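Letter by letter, the chains look like this.
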Amino acid sequence: MNQPTNRNARGSALFNLIGGIVILLATLYFLVKLATGGYQPGTVEESTRAAVQTRIQPQGSITEGDGVPVGERKGDKIFAKVCVQCHAADSNTPDSPKITHNAEWAPRIAKGLQTLFDHAWNGFNAMPAKGGQSDLTEQELKRVIVYMANQSGGSFPDPDAAPAAAPASGASEAAASAAPAAEGAKEAGAAGGEDVAAAGKKVFDGLCFGCHSATSAIPDTPRITHNDEWAPRIKKGKDTLFKHAIEGFTDKGMMPAKGGNEALTDDEVKAAVVYMVNQSGGKF
Ligand code: HEC
Ligand code: HEC
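Per an unreviewed UniProt entry, the protein goes by the name Cytochrome c555 and belongs to Kingella potus.

Written out as structure tokens, the structure reads:
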């Protein structure tokens, strides 16, 4: 009766002993490992530093898929990713000069690279600043403008070939002074007769565009650059169109007086009419 119980007790004591030794050995093994390698404080520090750097780096320095760091991106690549949305050869964006359409680029190229750069850097009418890609550097923006212009009849020098220091500092100065410069240009434009066109374009872009854009879906609205839609209107003569634009006009559609903005002067509305007509086969 006693025997089995004793054997059981002895068995479990043995079991405990062996279990203890195994645990001790395992603990020793890990302690030794800890002391001799494996766990290197240096490595941890390093990987922590890298991880933190990744977490805190400015958003702009995250490269987008192609792995090319900010500042190193080439003109053709930036074009293909960003500017192509509005400047593609078959783009529908109104007024945007399309790549390889030399005639559309010629008057732009004539402004000179610095002006094109200022406009692309700061934005220009419907052209968003940096094309909306806010992390573009000055040099990158130059590259892509030169790329676009030179694909379209231009022959600007490679911005990377020029001595680095001069254009870079010139560009930041230009960027710094660009806002007042643009203002000045606008004022000069309003004063000079030649820039009725510019004033008209401004009013058009700010208001008339809403209904008269080249891609407008509003029925019975003559769309800019659609010469066929404008031809019968243009036949009515300049004064009639001025009157209709200023006072409003309803035939099949509804042209609100001054496009709905009573604050516009008659001259501003007239300038917008001239601009639209001359973009659409007319010669006012
Ligand atoms: C959302 C559409 C859009 C995107 C994206 C865009 N552009 Fe434009 N861009 C325009 C429009 C519209 C114009 C015409 C503005 C005007 O003359 O009123 C223009 C005009 C320009 C001009 C001529 C400015 C001048 O003074 O005549 C340059 C240069 C230019 N864009 C460069 C770029 C570059 C470089 C990119 C890409 C980084 C870009 N654009 C992306 C719409 C866009
Ligand atoms: C709310 C939409 C809308 C806006 C904004 C608008 N138009 Fe119009 N416009 C029309 C429609 C619609 C017609 C065609 C009316 C018709 O023939 O019945 C039209 C026609 C015209 C015509 C031709 C008139 C004629 O006798 O055939 C001129 C010129 C014109 N608009 C100029 C302008 C100018 C300039 C602006 C900006 C200051 C402007 N429009 C803004 C909707 C608009």
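**Student:** Tell me what's going on with the site of ligand 1, and back it up with residues and numbers.
**Tutor:** If you check the shell around ligand 1, you find 28 residues, and the closest are C83, C86, N125, M127 and G131. Every element with two or more residues in the shell around ligand 1 is listed here: α3 (75-87), α5 (113-122) and α6 (138-150). It is α3 that provides the largest number of residues to the shell around ligand 1, a total of 6 residues. Considered class by class, the residues forming the shell around ligand 1 number 14 nonpolar, 10 polar and 4 charged.

**Student:** Mind laying out the site of ligand 2, listing which residues take part and the relevant values?
**Tutor:** The full set close to ligand 2 counts 30 residues, and C208, C211, G253, M255 and G259 are the nearest of them. Within the residue set of the shell around ligand 2, elements represented by two or more residues are α8 (196-212), α10 (238-247) and α11 (266-278). Examining the composition of the shell around ligand 2, we find that 6 residues originate from one element, α8, more than from any other. A breakdown of the residues in the shell around ligand 2 according to their chemical character gives 15 nonpolar, 9 polar and 6 charged.

**Student:** Break down the environment of A149 for me, with residues and values.
**Tutor:** If you trace the backbone, A149 turns up in helix α6. A residue is classified by how many C-beta atoms lie within 10 Å of it, and A149, with 22 of them, is buried. Sequence-wise, A149 and P97 are 52 residues apart; in three dimensions their C-alpha atoms are separated by 9.6 Å.

**Student:** How would you summarise unusual backbone geometry if you had to cite specific residues and measurements?
**Tutor:** Unlike most non-glycine residues, D95 shows phi in positive territory, near 70°. With 18 C-beta atoms counted inside 10 Å, the residue D95 sits in the partly exposed group. One non-glycine residue, D220, lies in the positive phi region at around 65°. Topologically, D220 is positioned in the loop between α8 and α9 (227-234).

**Student:** Help me get a handle on α6, residues and values and all.
**Tutor:** Side chains that are three or four residues apart share a direction in an α-helix, a result of its 3.6 residues per turn. Relative to the 18 Å expected for 13 residues at 1.5 Å per residue, α6 spans 18 Å between its end C-alpha atoms, a close match to the ideal helical length. Across the 13 residues that make up α6, a large majority, 11, are buried. Within α6, the full set of buried residues consists of E138, E140, L141, K142, R143, V144, I145, V146, Y147, M148 and A149.

Criteria and cut-off values
- Residues numbered from 1 in each chain as written.
- Chains lettered and ligands numbered in written order.
- Predicted model: local features only at pLDDT ≥ 70, side-chain atom pairs only at ≥ 80, totals over all residues.
- Near = placed C-beta within 6 Å.
- Helix = DSSP H or I, 4+ residues; strand = E, 2+ residues; numbered from the N terminus.
- Nonpolar A, V, L, I, M, F, W, Y, C, P; charged D, E, K, R; others polar.
- Buried ≥ 20, exposed ≤ 12 C-beta atoms within 10 Å, placed from the backbone.
- Expected span 1.5 Å × (residues − 1).

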